[in-house]
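In case you want the letters, here they are:
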Amino acid sequence: MKKIILKDVKVRFKEHLALDIPNFELKGGVKLAVTGESGSGKSTLLNVLCLLESISGGRIFWNNKRVDDLSQMEKDRFRYENVGLVMQEFYLYSGLSAMQNVLLPLKFRYLKIPKQLSNRAFYLLERLNITEYSKNIDLLSRGEKQRVAIARALINSPKVIIADEPTASLDAQNSTHAVKLLLSLADEMGSAFICATHDKNLAEQLTYSLELKKGKKLEASFA
Ligand SMILES: Nc1ncnc2c1ncn2[C@@H]1O[C@H](COP(=O)(O)OP(=O)(O)OP(=O)(O)O)[C@@H](O)[C@H]1O
Ligand SMILES: [Mg+2]
């Protein structure tokens, strides 16, 4: 991914203007923290960037290709191919193992998972210190579950990692650990990392920060 551009992007929920971004540009490999108080539009912005939320006006470009006007199916495919999503809730599948959860997104694409991808799943789980691959996910700690969710998000080596308060439900130690791993894996893949967070510690580790207030860009700066 070379760059993402938002032009005059607006998101309205009924009359409420939840997001109003005249101009935004993100270059490949950049690490950006999106901050702002609750309700300021952080999740809305992230969802817009990965085409999960439709915009009420404006245009979105990825590498100079317009993407906001793709069909729903094209958007889903685009997201699958380009974005790794890490959310506050892990959305792991109860009853499946750690490995099965990481491979699950691929099940929709492949009848038989290519060796290269199952090797990558092993590699990611190992890097994320999950050694019991076949253990039922329900028996893992919160920190371990989050690391499995991170492995799942990175299985396709996404060009952009989008994380929405990925550490909000973790304690300080687990949170620092998860962030360090996410950042080093993003570096390894040369991926951009966009992260909504209330965590100052996390924001300070990223290269840029963008603060939202009532859906508008308040400031964008080097951290
Ligand atoms: N699906 C929706 N329908 C109606 N209003 C919504 C919807 N999603 C978000 N909003 C509103 O849009 C605004 C921005 O919400 P958003 O979830 O982006 O905030 P946020 O900065 O992520 O907050 P938090 O820190 O609590 O996660 C809020 O006023 C919220 O109530
Ligand atoms: Mg949010």
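All values derive from a computational prediction rather than experimental measurement. (Residues numbered from 1 in each chain as written. Chains lettered and ligands numbered in written order. Predicted model: local features only at pLDDT ≥ 70, side-chain atom pairs only at ≥ 80, totals over all residues. Heavy atoms only, no water.)

Participant: Would you mind showing me how to read the site of ligand 1 here?
Facilitator: Taken together, 13 residues lie around ligand 1, and Ser38, Gly39, Lys42, Ser43 and Thr44 are the ones closest in. Alone, ligand 1 offers 640 Å² of accessible surface; in the complex the protein occludes 59% of this. The leading source of residues in the shell around ligand 1 is helix 1 (residues 42–49), at three residues. (Near = heavy atom within 4 Å. Areas by Shrake-Rupley, 256 points an atom, 1.4 Å probe, with all protein chains shown as cover. Helix = DSSP H or I, 4+ residues; strand = E, 2+ residues; numbered from the N terminus.)

Participant: Please explain unusual backbone geometry as it appears in this structure.
Facilitator: Most peptide bonds take the trans configuration, and most residues that are not glycine carry a negative phi. In this model, Ser157 sits at a positive phi of 50°, which is unusual for a non-glycine residue. Looking at the element boundaries, Ser157 is found in the loop between helix 5 (142–154) and strand 7 (160–164). Since its relative accessible area comes to 27%, Ser157 is described here as partly exposed. Of note, the phi angle at Lys214 is positive, near 50°, even though the residue is not glycine. (Buried < 20%, exposed > 50% of the residue type's maximum accessible area, 1.4 Å probe, protein only.)

Participant: Would you mind going over the pairing of strand 1 (residues 3–13) with me for this structure?
Facilitator: Put simply, side chains in a regular strand alternate between the two faces of the sheet. The pairing of strand 1 with strand 2 (residues 16–27) spans 10 bridges and is antiparallel. Each residue of the ladder has a partner; that of Arg12, found in strand 2, is Leu17. In sequence, strand 1 turns back onto strand 2 through a hairpin of two residues, with Lys14 there showing a positive phi of about 55°. Taken together, the five bridges between strand 1 and strand 4 (residues 57–62) define a ladder with antiparallel strand orientation. Bridge assignment links Lys10 to a residue of strand 4, and that residue is Gly57. (Pairing = 2+ DSSP bridges.)

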